[in-house]
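Take a look at the letters that make up each chain.
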Amino acid sequence: MNTLYLVATPIGNLGDMSPRAVETLKAVHLIAAEDTRHSGKLLKHFEISTPLTSYYEHNEREKLEQVVAALATGDVALISDAGMPAINDPGYLLVCAALDAGHEVIPIPGPSAPITALAASGLPTDSFLYLGYPARKTTERSTAFEAVANEAHTLIWLESPHRLQATLADMLAVFGDRQVAVAAEMTKLYERFFRGALSEAVSFYGKEPARGEFTIVLAGAPQESGAWDKARVQSALAAGMDGSVSPSQLARQVAADAGWKRSDVYDLLRGMDKG
């Protein structure tokens, strides 16, 4: 059986391309690339003449059989536009299909935007949760944020420039004024990092034009030494039932303080309303 290589490519600076990555791309008999035009420039720079075929989100399923068939005759490499294939880019289905067919799957590690931003964020790196791109619509985005609002892990997202301001504002509304690091154009000439409170980030990017691709690293929920008991949670809910915030917001705030799941606090609140 042959090998599917998952080859990491630079997220900006071509100097980050590893010698092993170059050697692998020269040795395989086919390269499946997210964007053949973009990857063609990369291959030309490193004098790699291996044939290319497109393999991207909207043709992934129809090209799957073709790439797996190519594996039957020789080694294949998968690359994305930047970073590690299959991490927020096409690749998962191909990895599964290659393994099911009995082929080896070998990663050729290298640059990765989420890990690069996390390492330089100044936030805890021992435990983190990568969440890809937030939803495009505010309602869906806020719902997804609420689902992880009580996570103690450092949280990481990617975001496009035209949605950055709205996403940061929604984060502030859901998570409160936590510490955040926003990385842009990492490894490139105009690489920059914003580090500070979410409210400061909202203000900063309200004035500063957002250019390039962004990675957002957010501090996890503050954790107390132990979760509150039911009586203490009920007391906090009763104190907040003055109509100044919505029941959902009240449940989220108390859950964050109490170390409870928001859904459990909300169920308790509904029971108190009925009583």
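What counts, and at which threshold
- Residues numbered from 1 in each chain as written.
- Predicted model: local features only at pLDDT ≥ 70, side-chain atom pairs only at ≥ 80, totals over all residues.
- Heavy atoms only, no water.
- Pairing = 2+ DSSP bridges.
- Helix = DSSP H or I, 4+ residues; strand = E, 2+ residues; numbered from the N terminus.
- Axes fitted to C-alpha atoms, helices over the stretch in contact; angles between N-to-C directions.
- Contact = heavy atoms within 4.5 Å.
- Salt bridge = Lys/Arg side-chain N within 4 Å of Asp/Glu carboxyl O.
- Buried < 20%, exposed > 50% of the residue type's maximum accessible area, 1.4 Å probe, protein only.
- Parallel < 35°, antiparallel > 145°, perpendicular 65-115°, else oblique.
- Left-handed = near helix turned anticlockwise from the far one by under 90°.
- Nonpolar A, V, L, I, M, F, W, Y, C, P; charged D, E, K, R; others polar.
- Polar contact = N/O pair within 3.5 Å; in protein donor to acceptor, adjacent residues only side chain to side chain.
- Core = buried A, V, L, I, M, F, W, Y, C linked by side-chain atoms within 4.5 Å.
- Phe/Tyr/Trp six-rings, centres within 6.5 Å; stacked < 30°, edge-to-face > 60°.
- Lys NZ or Arg CZ within 6 Å of the ring centre and 35° of its normal.

Q: Give me the sheet that holds strand S4 (residues 76–79): which residues, what numbers.
A: One open sheet accounts for five strands, arranged S3-S2-S4-S1-S5; its pairing is parallel. With partners counted over all chains shown, the strands left at the sheet margins are strand S3 (52–54) and strand S5 (104–108), one partner each. Recorded for the sheet is a direction-independent mean angle of 25° between the axes of neighbouring strands. Strand direction decides the pairing type here: strand S2 (residues 30–33) and S3, joined by three bridges, are parallel. Note that in S3 the partner of Ala33 across the bridge is Ser54. Sheet contacts for helix H1 (residues 19–27): strand S1 (3–7), S2, S4 and S5; angle to S5, the most-contacted strand, approximately 140°.

Q: Any details on the pattern of salt bridges? Residues and values, ideally.
A: One pass over the full model with this rule turns up five salt bridges. Two residues, Glu146 and Arg252, come together in a salt bridge whose shortest N-O distance is 2.9 Å. Residue Glu146 is found in helix H6 (residues 138–147), and its partner Arg252 is found in helix H10 (residues 247–258); the two are separated by 106 residues along the sequence. A salt bridge links Arg163 to Glu159, with the shortest nitrogen-to-oxygen separation between them at 3.5 Å. We note that Arg163, like Glu159, is buried.

Q: How would you summarise the packing of helix H7 (residues 164–175) against helix H8 (residues 198–207) if you had to cite specific residues and measurements?
A: Between H7 and H8, whose axes approach to 9 Å, the crossing angle comes to 160°. Taken together, the axis directions place H7 and H8 in an arrangement best described as roughly antiparallel. Taken as a pair, H7 and H8 cross one another with a handedness that is left-handed. Contacts between H7 and H8 involve Leu164, Gln165, Leu168, Ala169, Met171, Leu172 and Phe175 from the former and Leu198, Ser199, Ala201, Val202, Tyr205 and Gly206 from the latter. Tallied by class, the residues present in the contact of H7 with H8 amount to 10 nonpolar, three polar and no charged.

Q: Got a sec to walk through the side chain of Thr167? Specific residues and values, please.
A: As for its position among the elements, Thr167 is in helix H7. Only 2.6 Å separates the side chain of Thr167 from the side chain of Glu159, close enough to count as a polar contact. If sequence neighbours within four positions are ignored, Thr167 has contacts with Pro134, Arg141, Phe145, Glu159 and Ile216.

Q: Go over unusual backbone geometry with me, naming the residues and quoting the values.
A: Its identity is not glycine, yet Glu47 carries a phi of approximately 55°, on the positive side. Looking at the secondary structure, you find Glu47 in the loop between helix H2 (36–45) and S3. You can call Glu47 exposed: its relative accessible area is 66%. Even without being a glycine, Asn88 presents a positive backbone phi close to 65°. Residue placement: Asn88 occurs in the loop between S4 and helix H4 (92–100). For Asn88, a relative accessible area of 32% translates into the label partly exposed.

Q: Can you tell me about the environment of Phe46, naming the residues and giving the values?
A: Inspection of the secondary structure assignment puts Phe46 in the loop between H2 and S3. Between the alpha carbons of Phe46 and Leu94 there is a distance of 26 Å; along the sequence they are 48 residues apart. What Phe46 contacts, discounting residues up to four positions off in sequence, is Leu14, Met17, Val22 and Lys26.

Q: Let's hear about the nonpolar core: which residues, and what values?
A: If you look at the biggest cluster of nonpolar residues, it comprises 21 residues, and the most contacted ones within it are Trp157, Leu168, Met171, Phe175, Val180 and Val182. At the level of secondary structure, the elements contributing two or more residues to this core comprise strand S7 (154–159), H7, strand S8 (179–184), H8 and strand S10 (214–218). Examining the composition of this core, we find that five residues originate from one element, H7, more than from any other. Not counting residues within four places of it along the chain, the set of residues in contact with Val180 comprises Leu123, Phe194, Arg195, Gly196, Ala197, Leu198, Ala201, Ile216, Val217 and Leu218. In this structure, Tyr55, Val67, Leu71 and Leu78 belong to the second largest nonpolar core, which totals 18 residues.

Q: A description of the packing of aromatic side chains should follow, citing residues and the corresponding values.
A: This model, assessed by the stated rule, comprises seven aromatic pairs. Where Phe194 meets Tyr205, the ring centres are 6.1 Å apart and the plane angle is 65°; that geometry is what we call edge-to-face. One end of the pair, Phe194, is in strand S9 (residues 192–197); the other, Tyr205, is in helix H8, and 11 residues separate them in sequence. The pair formed by Phe194 and Tyr205 is uniform in burial state, with each residue classed as buried. Within the aromatic cluster, the residues linked to one another by ring pairs are Phe194, Phe204, Tyr205 and Phe214. Stacked on the ring of Tyr266, the Lys or Arg Arg262 has its end atom at 5.6 Å from the ring centre.

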